[in-house]
Amino acid sequence: MARIVRHDKNRPYVIEVGDQKVAICACGLSKKKPYCDGTHRITWDEPEGTLSAYDEQNIRRLVRLVDENGALVDIPSSYPLE
Ligand code: FES
């Protein structure tokens, strides 16, 4: 089984634990979850209007949506969930 999980954030959540700050992964790509390992930086040049998918080695694959006429469709910022 597999699934696609959408992550829009490209930086970690930073929380305070006692007197320390801890970075929690919000991009979904960290290999040390729940902690941020800095991998989110590879998302910073994702092209506008595209949907990126990453494989197990964090290699980016662009996914382009097309309409019924084959024209590129912008990815909506809020994706409707059913
Ligand atoms: S937020 Fe995911 S690796 Fe930093």
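Shown above is the structure to which this text applies.
Summary of the structure given here. (Residues numbered from 1 in each chain as written. Predicted model: local features only at pLDDT ≥ 70, side-chain atom pairs only at ≥ 80, totals over all residues.)

1. Examining the overall build of the protein chain
Reasoning step 1: Broken down by element type, the protein chain carries zero helices and six strands.
Reasoning step 2: Starting at the N terminus and walking to the C terminus, you meet the elements of the protein chain as β-β-β-β-β-β.
Reasoning step 3: In the protein chain, which comprises 82 residues, the proportion classed as buried is 5%.
Reasoning step 4: Intrachain contacts of the protein chain at a sequence separation of at least 6 include 19% that bridge at least 24 residues. (Helix = DSSP H or I, 4+ residues; strand = E, 2+ residues; numbered from the N terminus. Buried ≥ 20, exposed ≤ 12 C-beta atoms within 10 Å, placed from the backbone. Contact = placed C-beta atoms within 7 Å.)

2. Remarks on the pairing of strand 4 (residues 60-63)
Reasoning step 1: As defined by bridge partners, strand 3 (residues 51-54) adjoins strand 4 across four bridges and the pair is classed as antiparallel. Bridge assignment links Ser52 to a residue of strand 4, and that residue is Leu62.
Reasoning step 2: The loop that links strand 3 with its antiparallel partner strand 4 comprises five residues; one of these, Asn58, has a positive phi angle of about 60°. (Pairing = 2+ DSSP bridges.)

3. Looking at the environment of Leu29
Reasoning step 1: Among the secondary structure elements, Leu29 is positioned in the loop between strand 2 (20-24) and strand 3.
Reasoning step 2: What makes Leu29 buried here is the crowd of 20 C-beta atoms within 10 Å.
Reasoning step 3: Along the sequence, Leu29 and Thr39 sit ten residues apart, while their C-alpha atoms lie 6.2 Å from each other.
Reasoning step 4: When sequence neighbours within four positions are dropped, the list of residues in contact with Leu29 reads Thr39, His40, Tyr54 and Asn58.

4. Thoughts on the pairing of strand 2
Reasoning step 1: Where strand 1 (residues 13-17) lies against strand 2, five bridges are found, and the strand directions are antiparallel. Across the sheet, residue Ile15 finds its bridge partner in strand 2, namely Val22.

5. Brief notes about unusual backbone geometry
Reasoning step 1: Residue Pro34 is reached from Lys33 by a cis peptide bond, and omega for that bond is 10°.
Reasoning step 2: In this fold, Pro34 is placed in the loop between strand 2 and strand 3.
Reasoning step 3: Although it is not a glycine, Asn58 sits at a positive phi angle of roughly 60°.
Reasoning step 4: Along the polypeptide, Asn58 turns up in the loop between strand 3 and strand 4.

Read these as geometric descriptors, not functional statements.
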